[in-house]
Amino acid sequence: ITPKKVIIQPSGVNEIFFLDFNRNFENKIFTVVTVANLLPKKNIELILKIATTLKEFRFILIGDGSHRKVIENIIQRDGVNNVELVGFKSAEIVRKYYYESDCYLLTSLSEGTPTSMLEAMACGLPIISSNAGGVKAIPGSHNCVADLSNKYQFIDCLSNFSVNVKLRRDISIKNRIQSEKYAWKSVAKNINLHLKG
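This structure is a prediction, so every number in the text was calculated from the model and none was measured.

Caption draft 1: Representation of the packing of helix α4 (residues 115-122) against helix α6 (residues 165-179) in the model. In contact at an axis separation of 7 Å, α4 and α6 are set at 120° when each is read in the N-to-C sense. Between α4 and α6, the crossing angle belongs to the class labelled oblique. For the pair α4 and α6, the contacting residues are L118, M121 and A122 in the first and N175, R176, Q178 and S179 in the second.

Caption draft 2: Summary view of the pairing of strand β4 (residues 103-106). Side chains of β4 alternate between two faces, with C103 and L105 and Y104 and L106 buried alike. Examined bridge by bridge, strand β1 (residues 31-35) and β4 share 2 bridges and lie parallel to one another. Looking across to β4, one finds that V33 is bridged to Y104. Across 3 bridges, β4 lies against strand β5 (residues 127-130) in parallel orientation.

Caption draft 3: Main features of the state of the cysteines. Within the structure shown, the criterion is met by 1 disulfide. Between the sulfur atoms of C144 and its disulfide partner C157 the distance amounts to 1.7 Å. Linking C144 in strand β6 (residues 144-146) with C157 in helix α5 (residues 151-163), this pair joins segments that are 13 residues apart in sequence. Lacking any disulfide linkage, C103 is separated from the closest cysteine sulfur, that of C144, by 8.4 Å.

Caption draft 4: Just the packing of aromatic side chains, in detail. One pass over the structure, following the stated rule, counts 4 aromatic pairs. With 6.5 Å between their ring centres and 65° between their planes, Y98 and Y104 make a pair best called edge-to-face. Just as Y98 is buried, Y104 falls in that class too. Members of the aromatic cluster, joined through ring pairs, are F17, Y98 and Y104.

Parameters and conventions
- Note on numbering: residues in each chain are counted from 1, in written sequence order.
- Whole-chain, interface and lining totals are the exception, using all residues; otherwise, since this is a predicted model, local features are given only for residues with pLDDT of at least 70 and side-chain atom pairs are given and counted only at 80 or more.
- Each side-chain value is derived from all of the structure's non-hydrogen atoms; neither hydrogens nor water enter the calculation.
- As a rule, the C-alpha atoms of each element are fitted with a line to give its axis, helices using only the stretch in contact, and angles between N-to-C directions run from 0 to 180 degrees.
- In this text, helices come from DSSP runs of H or I with a minimum length of four residues, and strands from runs of E with a minimum of two, each type numbered from the N-terminal end.
- If an angle is under 35 degrees, it is roughly parallel; if it is over 145, roughly antiparallel; if it lies from 65 to 115, roughly perpendicular; otherwise it is oblique.
- Note on contacts: a residue pair is in contact if any heavy atoms of the two residues lie within 4.5 Å.
- Three labels apply to residues, based on accessible area from a 1.4 Å probe with only protein chains included: buried if under 20% of the type maximum, exposed if over 50%, partly exposed otherwise in between.
- At least two bridges found by DSSP between two strands is the condition for calling them paired.
- In this description, the term disulfide denotes a pair of cysteine sulfurs within 2.5 Å.
- Pairing of aromatic rings covers Phe, Tyr and the six-membered ring of Trp, with a centre-to-centre limit of 6.5 Å; geometry is then stacked below 30 degrees between planes, edge-to-face above 60, and tilted otherwise.

Function cannot be read off these values alone, since they describe shape.
Now the structure itself:
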């Protein structure tokens, strides 16, 4: 029996995230966005720890889930006043947040292929990601992949992006180009090619 070839294909990115939109690289407050289900594996506590160190930055958490109350309690207990929990949002509103932000942050303990990261790349956001699972292979060397055990690697990446506008502009262009292979039309084409092959 000839073994069947298994193709692992990440889910596609909604076309809305590829629409042109002007990005402002001169925000007065450096803004970091995370889009995630609020679950323990998403390791949102690390974002809160980072936020307490980078008090001059703004952190936006988009999403909801069973871990929300835990996160809210930590924010209240530790007086973390630069993190905004905005809940679940539509694709149109998420896209707006991507374009109002300066960087996308992912701190997951485990991941497959996070759609939100691909969306952020399609919107031209620089990526700072944990090295969890297969996710570390997605951003490429022009973005930043940090070790989960060292919050200061995340802090260093964020600090570097915040002061280097040219770097963010360059990454923005690269990420938009790189993300095109994850557009639904590209994913569908790839699946069809494999099915024919």
